[in-house]
Amino acid sequence: MINILFSGNEKVFDGVLTCMLSIFKRTQTKEPFCVYVMTMDVSHIKPEYTAMTDRQIAFLQQVAQTYHQENRVVKLDVSELYAQEFANCPNEQAYCSPYTLLRLFMDLIPEIPEKILYLDVDILFNRDIVLLYDTDVEGYEYAAARDHYGKYLLNPNYINAGVLLFNMKEAKSTGLFEKARNLIKTKKLLFADQSALYRSTTRKKMLPQKFNDQKFLHESTVVRHFSKRLFYLPYPHTANIKQWNVSQMYRAFGYTQFDDVIYEYLYLKGLYEHEEKIWTETAS
């Protein structure tokens with residue numbers, strides 16, 4: 001079983017769907033996947049901060065099982081856990097949404113297996129996930145690649161937390177998550193959960209940049225991470241273009257490598273929206 005973890009509200013549906021499709025289409029393994037989605041309702045902070053719905057999870061599982069009958073998509077609602085741990089903490093209004101903090105609960109959730117790959121939703125796989133997942137993390141809390149900008153501005157080994165291959169046994173033994181949660185609750189951090197994980201790490205394995213390319217797409221790239229980046233033309237500016245922003249993505253990058261993923265995503269998104277319309281009309 002290959003175990004994957006995403007987190008977010010109902011708006012990350014497009015990211016989870018596109019990332020899943022890229023994994024299934026690029027992977028040759030016959031092993032099934034278990035995809036966990038951590039979510040919560042904190043709509044008291046912002047109206048759009050609502051949990052991923054059961055219908056979204058069911059649709060994602062339906063898609064996953066077209067590739068392997070044993071594939072599963074599991075919803076993990078951590079609303080109560082968040083309220084207990086992080087409500088009104090200094091990082092609740094961090095640069096990203098509070099959903100980025102959810103991965104710090106991994107040691108508190110019994111369903112989480114010993115080896116699991118955490119992924120941000122703004123990711124597409126360009127090559128087989130096994131190249132990453134089969135990395136030996138024995139003796140390490142996790143494996144991660146350097147942050148494209150942080151390695152220049154902060155520390156040569158500053159990691160990007162968008163792709164984290166966890167050894168949960170080791171991470172629990174060192175108290176990685178507990179230490180990170182304590183930082184989140186007591187200190188305002190520049191990059192919230194990413195900074196908390198980095199500061200709390202005892203032993204990490206550094207991965208080559210091809211496992212989390214945040215700026216370029218090379219032939220060797222395994223993971224293309226569509227994180228916020230700097231563009232120099234037509235003038236220096238930053239842009240946060242995601243793979244589900246299809247027109248923007250094609251205009252900015254001109255990629256053709258993901259055409260099969262994008263075409264299926266657009267078809268499935270249309271199918272899902274049609275089903276939702278019928279469900280809404282029937283319910284009313």
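In what follows, the structure referred to is the one given above.
Let me begin by describing the structure that accompanies this report. Worth saying up front: this structure is predicted, and the values here are computed from it rather than measured.

1. Description of the overall build of the protein
Stage number 1. A count of helical and extended segments in the protein gives ten helices and eleven strands.
Stage number 2. In terms of its C-alpha atoms, the protein occupies a principal-axis envelope of roughly 50 × 45 × 45 Å.
Stage number 3. Out of the 284 residues in the protein, the part that is buried amounts to 55%.
Stage number 4. If you sum the accessible surface of the protein, you get close to 13,100 Å²; carbon and sulfur atoms cover 51% of it.
Stage number 5. Of note, the protein has its 33 positive side-chain charges centred 7 Å away from the centre of its 34 negative side-chain charges.

2. Some thoughts on the sheet that holds strand β2 (residues 33-39)
Stage number 1. Read across the sheet, seven strands follow the order β3-β2-β1-β4-β7-β6-β8 without closing on themselves; strand pairing throughout is mixed. The sheet is open, and its two edges are formed by β3 (72-77) and β8 (204-207), each paired on a single side. With strand direction ignored, the average angle separating the axes of adjacent strands in the sheet is 25°.
Stage number 2. Where strand β1 (residues 2-7) meets β2, six bridges bridge the pair, whose relative direction is parallel. Among the inter-strand pairings, N3 is bridged to a residue of β2, identified as C34.
Stage number 3. Relative to β1, helix α1 (residues 13-26) is tilted by about 160°, and along the sheet it contacts β1, β2, β3 and β4 (115-119).
Stage number 4. Those strands touched by helix α2 (residues 54-65) are β2 and β3, and its axis lies near 160° from that of β3.

3. Regarding the environment of Q28
Stage number 1. Relative to the elements of secondary structure, Q28 occurs in the loop between α1 and β2.
Stage number 2. Taking the C-alpha atoms as reference points, Q28 and E219, 191 residues apart in sequence, are found 18 Å from one another.

4. Thoughts on the pattern of salt bridges
Stage number 1. Evaluated as defined, the whole model comprises 13 salt bridges.
Stage number 2. Note that R26 is salt-bridged to D260, the shortest N-O span being 2.9 Å. With R26 in helix α1 and D260 in helix α10 (residues 259-283), the pair connects residues that are 234 residues apart, well separated along the chain.
Stage number 3. E170 is the salt-bridge partner of R203, the closest N and O atoms lying 2.1 Å from each other. Of this pair, R203 sits in the loop between α8 (192-200) and β8 while E170 sits in helix α6 (residues 168-174), and the two are 33 residues apart along the sequence.

5. Details of the packing of helix α7 (residues 176-186) against α8
Stage number 1. Where α7 contacts α8, the two axes come as close as 8 Å, and the packing angle between them is 130°. Viewed along their axes, α7 and α8 adopt a mutual orientation that is oblique. As for how α7 packs across α8, the hand of that crossing is right-handed. Residue-level inspection shows L176, K179, A180, L183 and I184 of α7 in contact with α8, the latter providing A192, D193, A196, L197, R199 and S200.
Stage number 2. Residues that form the contact of α7 with α8 fall into these classes: seven nonpolar, one polar and three charged.

6. Side note on helix α9 (residues 246-253)
Stage number 1. The set of residues buried in α9 consists of V246, M249 and F253. The buried residues of α9 all sit within an arc of 65° when viewed along its axis, so they share a single face.

7. Section: the layout of surface pockets
Stage number 1. Each pocket or cavity is described by its volume, and for the second largest pocket that value is around 170 Å³.
Stage number 2. Lining the second largest pocket are F24, T27, Q28, T29, K30, E31, F33, Y67, H68 and N71.
Stage number 3. Residues of the lining of the second largest pocket, tallied by class, amount to three nonpolar, five polar and two charged.

8. Some points on the state of the cysteines
Stage number 1. Following the criterion strictly, the structure yields zero disulfides and no others.
Stage number 2. Sulfur of C19: no disulfide; nearest cysteine sulfur belongs to C34 and is 15 Å away.

9. Quick word on the side chain of D120
Stage number 1. Topologically, D120 is positioned in the loop between β4 and β5 (123-125).
Stage number 2. With a relative accessible area of 18%, D120 lands in the buried category.
Stage number 3. There is a polar contact of 2.9 Å between the side chain of D120 and the side chain of Y118.
Stage number 4. Discounting residues that sit within four places of it in the chain, D120 has contacts with F6, R103, A161, G162 and H225.

10. Topic: the pairing of strand β7 (residues 163-167)
Stage number 1. With five of five residues buried, β7 lies mostly within the body of the structure.
Stage number 2. The pairing of β4 with β7 spans five bridges and is antiparallel. Among the inter-strand pairings, L117 is bridged to a residue of β7, identified as L165.
Stage number 3. Pairing analysis gives two bridges linking strand β6 (residues 142-145) to β7, with the strands arranged antiparallel. In the strand pairing of β7, A143 is matched with L165.

What counts, and at which threshold
Residues numbered from 1 in each chain as written. Predicted model: local features only at pLDDT ≥ 70, side-chain atom pairs only at ≥ 80, totals over all residues. Heavy atoms only, no water. Helix = DSSP H or I, 4+ residues; strand = E, 2+ residues; numbered from the N terminus. Buried < 20%, exposed > 50% of the residue type's maximum accessible area, 1.4 Å probe, protein only. Areas by Shrake-Rupley, 256 points an atom, 1.4 Å probe, with all protein chains shown as cover. Lys, Arg positive; Asp, Glu negative; His and termini not counted. Charge placed at Lys NZ, Arg CZ, Asp CG, Glu CD. Pairing = 2+ DSSP bridges. Axes fitted to C-alpha atoms, helices over the stretch in contact; angles between N-to-C directions. Contact = heavy atoms within 4.5 Å. Salt bridge = Lys/Arg side-chain N within 4 Å of Asp/Glu carboxyl O. Parallel < 35°, antiparallel > 145°, perpendicular 65-115°, else oblique. Left-handed = near helix turned anticlockwise from the far one by under 90°. Nonpolar A, V, L, I, M, F, W, Y, C, P; charged D, E, K, R; others polar. Arc of directions from axis to C-beta. 1 Å grid on protein atoms, 1.4 Å probe; cavity = no way out; pocket = protein on both sides within 12 Å on 5 of 7 lines; lining within 4 Å. Points joined across faces, edges and corners; volume = space filled by probe spheres on them. Disulfide = S-S within 2.5 Å. Polar contact = N/O pair within 3.5 Å; in protein donor to acceptor, adjacent residues only side chain to side chain.

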